[in-house]
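Coordinate inspection notes
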Amino acid sequence: MVKIAIIGAGNVGAALGTGWAKAGHEVAYAVRNPQKPEVLAAVARGGDRASAANIADAVAGAAVVVLATPWNVAQAAIQSAGNLDSKILLDCTNPLAPDLSGLAVGLTTSAGEMVAAWAPSARVVKIFNTTGYNNMEDPDYNGQAATMFYCGDDADAKETAGKLAADLGFDPVDAGPLKLARTLEPLAMLWISMAFGGYGRDIAFKLLLR
Ligand SMILES: NC(=O)c1ccc[n+]([C@@H]2O[C@H](COP(=O)([O-])OP(=O)(O)OC[C@H]3O[C@@H](n4cnc5c(N)ncnc54)[C@H](OP(=O)(O)O)[C@@H]3O)[C@@H](O)[C@H]2O)c1
């Protein structure tokens, strides 16, 4: 059982938290207002393994912290989290331009690397950004598990991240060091463009191995 704090109980936060609570983990939504109806609904979906608290309190009790906020508030959310020393920080953000036309950051850096700079004492893994929240609730495609790519610089943190992805039903794939977030964030843009360009949200990437 892993104690997980999820900063943000929106589409992504609630989908991940519900899946992990079902898988036996202890989930605390780290939110600005624990009484907000959306937060209460996410807690209810998680049953007795889910709770909500203010950001610093929820994060203090967790081994794994998930960043599931919009990109434009990511730095502020990390600052609200308090002490992240040695904690595993799973970065799900995509640095989307406000009109979703593309990425606001890329090529020579990435949101994942910027998150690591804002949280230097945490062990950052980029994960859960390359697919829609609907797939986080159900990554099964006719018996095939959708791939979940992740990257990071800490082997132990990546192992935990991969296991947490597998617990949701994903096929976890280690893409390499955190610098590879520069490729995973544009891959998310491909998913978004295709989902909103006619394919719909029931699409997911699969890595084939021979
Ligand atoms: N939607 C997807 O399918 C998807 C898939 C992969 C990755 N992502 C990425 O995941 C992130 C979250 O997306 P989402 O769709 O879950 O967004 P969302 O539904 O809008 O939820 C955002 C959450 O962030 C919280 N938040 C906003 N400002 C905050 C702050 N200053 N401090 C702490 N929490 C704050 C909100 O809480 P309040 O109620 O307090 O405002 C809300 O719970 C984004 O970076 C997105 O690009 C999204």
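Residues numbered from 1 in each chain as written. Predicted model: local features only at pLDDT ≥ 70, side-chain atom pairs only at ≥ 80, totals over all residues. Heavy atoms only, no water.

Considerations on unusual backbone geometry
Phi at L100 takes a positive value of approximately 65°, unusual for a residue other than glycine. As for its position among the elements, L100 is in the loop between β5 (88–91) and α5 (111–118). The phi dihedral of F128 falls on the positive side, at around 65°, and the residue is not glycine. (Helix = DSSP H or I, 4+ residues; strand = E, 2+ residues; numbered from the N terminus.)

Things to note about α5
Burial in α5 covers these residues: A111, G112, E113 and V115. Those residues of α5 hidden inside the fold are in contact with β4 (64–67), α4 (74–80), β5, β6 (123–126) and α8 (181–199). (Buried < 20%, exposed > 50% of the residue type's maximum accessible area, 1.4 Å probe, protein only. Contact = heavy atoms within 4.5 Å.)

Notes on the sheet that holds strand β2 (residues 26–31)
Ordered by their spatial adjacency, eight strands build an open sheet running β3-β2-β1-β4-β5-β6-β9-β10, and the pairing between neighbours is mixed. For this open sheet the edge positions go to β3 (50–54) and β10 (171–176), each flanked by a neighbour on one side alone. Mean inter-strand twist for the sheet, computed between neighbouring axes without regard to direction, equals 25°. Of the pairings in the sheet, the one linking strand β1 (residues 3–7) to β4 comprises four bridges and is parallel in character. Within the sheet, the bridge partner assigned to I7 lies in β4 and is L67. Contacts between α5 and the sheet are confined to β4, β5 and β6, with β6 contributing the most and set at about 165° to the helix. (Pairing = 2+ DSSP bridges. Axes fitted to C-alpha atoms, helices over the stretch in contact; angles between N-to-C directions.)

Thoughts on the pairing of strand β9 (residues 147–152)
Among the six residues that make up β9, six are buried, leaving the element largely enclosed by the rest of the structure. Judged by which residues are buried, β9 turns out to be covered on both faces: T147, F149 and C151 on one side and M148, Y150 and G152 on the other are all buried. Sheet analysis places β6 next to β9, joined by two bridges and oriented antiparallel. The residue of β9 that forms the bridge with K126 is C151. Bridge count between β9 and β10: five bridges; the pairing is parallel. Bridge assignment links Y150 to a residue of β10, and that residue is D174.

Section: the pattern of salt bridges
Counted according to the given criterion, the structure contains nine salt bridges. Between R45 and E137 there is a salt bridge; the shortest N-O distance is 2.8 Å. In this pair, R45 is assigned in helix α2 (residues 37–46) and E137 in helix α6 (residues 133–137), connecting sequence segments 92 residues apart. D171 is the salt-bridge partner of K206, the closest N and O atoms lying 3.1 Å from each other. With K206 in the segment after α8 and D171 in strand β10, the pair connects residues that are 35 residues apart, well separated along the chain. You can call K206 partly exposed: its relative accessible area is 34%. According to the relative accessible area criterion, D171 is partly exposed, its value standing at 24%. (Salt bridge = Lys/Arg side-chain N within 4 Å of Asp/Glu carboxyl O.)

So yeah, pure geometry; function would need other evidence.
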